[in-house]
Amino acid sequence: MANVPWAEVCEKFQAALTLSRVELQKNPEKEPYKSKYSARALLEEVKALLGPAPEDEDERPEAEDGPGAGDHALGLPAEVVEPEGPVAQRAVRLAVIEFHLGVNHIDTEELSAGEEHLVKCLRLLRRYRLSHDCISLYIQAQNNLGILWSEREEIETAQAYLESSEALYTQYMKEVGCPPLDPTERFLPEEEKLTEQERSKRFEKVYTHNLYYLAQVYQHLEMFEKAAHYCHSTLKRQLEHNAYHPIEWAINAATLSQFYINKLCFMEARHCLSAANVIFGQTGKISATEDRQHRRA
């Protein structure tokens, strides 16, 4: 890395995150992505300061970069390998930057560039994907690729990425279990690292998003029973973690009730409608900040 104090690198990264969160309507009317472009410039600066990616990670064949690539796609367990040593640590930090660059490009409607950065993120993390340090970032990258391919109406590709995320979450919780590192902690001083409780909250939110997107994918594929199951799981988890938009939650619950009615499951349908009515009554009682729960983590 260039001779720049690590604290300065971290400050640039945090400034990029702050700019990324600026709402589009707060930008000039003729420059709706001004804050996004400013964030991108800072992320590129951090990337340059970190230096080039390790050769063995960056030069992998393209064939290995698809959804569920490698041993996990064959149903074999991914080995838990922790990113130890300066080379591995740099690879993980670069992966964090590639992830945020990917989301940034997708937010500015540059989907191909966004895909390229997210795939680079996965490539850098491949061997460490089941580790405490990397599992959350890896799943978030796959979730975002799932969303991207859904928007392209390539539903089977989206399904592969999202199902891979679900499988990795399940395997991690079974084999490791402790709340993983949040990606942003890679650029935080030790005294500002998150608590175990906050790490768990953020990781569970990532998994809830995964289930939410899977429900939509299964709906597109006309796998209605499976879609209903994932929709129900999503709604339940959102309530448990107090992470939902009241109007959206109520609409989804009411929609789910129609599925149960068509299946002649009237008790379940009534339960969904009652819950929708209660949650809809919360409209206006929750701040706008708390309301926005369904965008990318």
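Predicted model, so just to flag it, every value in this text is computed and none were measured.

Undergrad: Outline the overall build of the protein chain, listing residues and values.
TA: Along its length, the protein chain carries twelve helices and zero strands. If you list the helices and strands of the protein chain from N to C, you get α-α-α-α-α-α-α-α-α-α-α-α. Contacts spanning at least 24 positions in sequence make up 72% of the contacts within the protein chain whose residues lie at least 6 apart. For the protein chain, the accessible area works out to roughly 15,200 Å², and carbon and sulfur atoms hold 53% of it.

Undergrad: I'd like a rundown of the nonpolar core, residues and numbers included.
TA: Ranked by size, the top nonpolar core spans 75 residues in total, and within it F13, I97, L125 and F187 carry the most contacts. Top contributing element to this core by residue count: helix 4 (residues 86-107), with eleven residues.

Undergrad: Before we move on, could you go through helix 8 (residues 196-220) and cite the residues and values that matter?
TA: In a regular helix each residue adds 1.5 Å, so 25 residues correspond to 36 Å; helix 8 covers 37 Å between its end C-alpha atoms and thus fits that length. Within two residues after helix 8, E222 carries a phi angle of roughly 60 degrees, on the positive side.

Undergrad: Describe the side chain of H105, listing the residues and the values that go with them.
TA: Tracing the backbone through its elements, the reader meets H105 in helix 4. On the basis of relative accessible area, H105 is assigned to the buried category, the value being 7%.

Undergrad: So, the environment of E151: which residues are in play, and what are the values?
TA: Checked against the element boundaries, E151 lands in helix 6 (residues 135-151). A relative accessible area of 48% places E151 in the partly exposed class. Spatially, the C-alpha atoms of E151 and L111 are 9.6 Å apart, while their sequence positions differ by 40 residues.

The rules behind each value
- Counting starts from 1 at the beginning of each chain's written sequence and moves along it residue by residue.
- Restriction of local features to residues with pLDDT of at least 70 applies here, the model being predicted, together with a cutoff of 80 or more for giving and counting side-chain atom pairs; totals for whole chains, interfaces and linings are based on all residues.
- The side-chain values count all of the structure's non-hydrogen atoms but skip hydrogen atoms and water molecules.
- In this description a helix means any DSSP run of H or I spanning at least four residues, a strand means any run of E spanning at least two, and both kinds are numbered starting from the N terminus.
- Residue contacts are defined here by distance: any two heavy atoms, one from each residue, within 4.5 Å place the two residues in contact.
- Each accessible area is a Shrake-Rupley result for a 1.4 Å probe, and residues are judged covered by the shown protein chains and nothing else.
- We call a set of buried Ala, Val, Leu, Ile, Met, Phe, Trp, Tyr and Cys residues a nonpolar core when their side-chain atoms join them within 4.5 Å.
- Classification of residues uses two cut-offs on accessible area relative to the type maximum, computed with a 1.4 Å probe and protein chains only: under 20% is buried, over 50% is exposed, and between them is partly exposed.
- The span you would expect from a helix comes to 1.5 Å times its residue count less one.

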